[in-house]
Amino acid sequence: MSVLYGLLSLGDAEVPVANDSGLTACIITFNEADRIEACLRSVDFCDEIIVVDSHSTDRTRALAAACGARVIERDWPGYRSQKQFAVEAAHHDWVLCLDADERVSAKLRAEIIELRRAGFTAAAGWSIPRITDYFGRFLRHGNAYPDRLVRLFDRRHGRWTGDEIHENTRIEGRIGRLHGHLEHYSYRSLHDHQVRMQRYADLMARALYDRGRRCGFAPVLLNPLWRFVRGYLLRLGFLDGWRGLVFALVESGYVRRKYLGLYILSRGLPG
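The model shown is predicted, which means the values in this text are computed figures rather than measured ones.

J.: Please explain the side chain of Arg35 as it appears in this structure.
T.: By secondary structure assignment, the location of Arg35 is in the loop between strand 2 (23–29) and helix 1 (36–42). Exposure remark for Arg35: the relative accessible area of 7% places this residue in the buried category. Within polar-contact distance, the side chain of Arg35 engages the side chain of Glu32 at 2.9 Å. Once residues within four sequence positions are removed from consideration, Arg35 is found in contact with Ala100, Asp101, Tyr185, Ser186, Tyr187, Arg188 and Arg196.

Have a look at this one:
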């Protein structure tokens, strides 16, 4: 079920009006009242902002509408499907996709404005380096950075694909590289980080199992160790101090839980 807040009426079957010269920011939300305004202010240069909300129980929708966003309330089908719905609901073919805990930096904003001024002619999509805030400081090493993602693209040549969790974009055509950061304010606390990683691990274990993946006990032991060594040592996560260590430990715990879940599913045991 979809409900639109604003001046226009939109259902799942609406065909958006194409306008190649414009840019739509597409954001999905659930209970993001404490972060949605900062996110929306960072994309106020876009020609349109769409917020697709999955029945938040806080003031997310009201705050987004007050910031000028077109708000659609919609049942939650999964990350990939919700993001693709937002892209298809846009009034412009060029879309900039964000999560509510992300913000466009000043440098990235200037780069995107210049691309729009030139008509977005140089590529079908653009990859953006994402930098993660962790306890008040950005992580600049390890597996967290640079986390390049294609978030700016022409929807006629790209879409959201993959699993419902850890979704990704697929672009047909040239992909350019931007240099300004997409700032990621993902974790409210260590507990929030751990709980979120546990939930993602369980979802990924099920997704891998449904795709036909099976595993023995070796990946449960070895894959978390490799993730830690790769991020903390090989990719210099230790240069981020204690924050780099904590991040690497939580990340390796995510990998352990994911493969332990897959191991349990592979043997038909109670999950």
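J.: Teacher, can you tell me more about the environment of Gly78 here?
T.: Tracing the sequence through the fold places Gly78 in the loop between strand 4 (70–74) and helix 3 (79–89). On the basis of relative accessible area, Gly78 is assigned to the buried category, the value being 6%. With 89 residues separating them in the primary sequence, Gly78 and Glu167 have C-alpha atoms 9.4 Å apart.

J.: Mind showing me how you'd approach the nonpolar core here?
T.: For soluble globular proteins, nonpolar side chains are generally found buried alongside one another. Counting 30 residues, the largest nonpolar core has Leu23, Ile27, Val43, Leu96 and Leu152 as the members making the most contacts within it. Contributing elements (two or more residues each) for this core: strand 2, helix 1, strand 3 (48–53), helix 2 (60–66), strand 5 (94–99), helix 4 (106–117) and strand 7 (125–134). Discounting chain neighbours no more than four positions away, the residues touching Ile27 are Ile36, Cys39, Leu40, Val43, Ile49, Ile50, Val51, Val52, Leu98, Asp99 and Ala100. Within the second largest apolar cluster, 19 residues are counted, among which are Ile165, Met197, Val255 and Tyr259.

Conventions used here
- Throughout this document, residue positions are counted from 1 along each chain, in the order its sequence is written.
- It should be noted that, the model being predicted, local features are given only for residues of pLDDT at least 70 and side-chain atom pairs only at 80 or more, the latter also being counted only at that level, while totals for whole chains, interfaces and linings use all residues.
- Heavy atoms throughout the structure, all of them, feed into the side-chain values; hydrogens and water do not.
- A run of H or I in DSSP counts as a helix once it spans at least four residues, and a run of E counts as a strand once it spans at least two, with each numbered from the N terminus.
- Per-residue accessibility, obtained with a 1.4 Å probe over protein chains only, is compared with the maximum for each type, and a residue is labelled buried under 20%, exposed over 50%, and partly exposed between these values.
- Residues adjacent in sequence count toward polar contacts only when both atoms are side-chain atoms; beyond that, a polar contact is any pair of N or O atoms within 3.5 Å, and within protein one must be able to donate a hydrogen and the other to accept it.
- Whether two residues are in contact is decided by their heavy atoms, any of which lying within 4.5 Å being enough.
- To form a nonpolar core, buried Ala, Val, Leu, Ile, Met, Phe, Trp, Tyr and Cys residues must be joined to one another through side-chain atoms within 4.5 Å.

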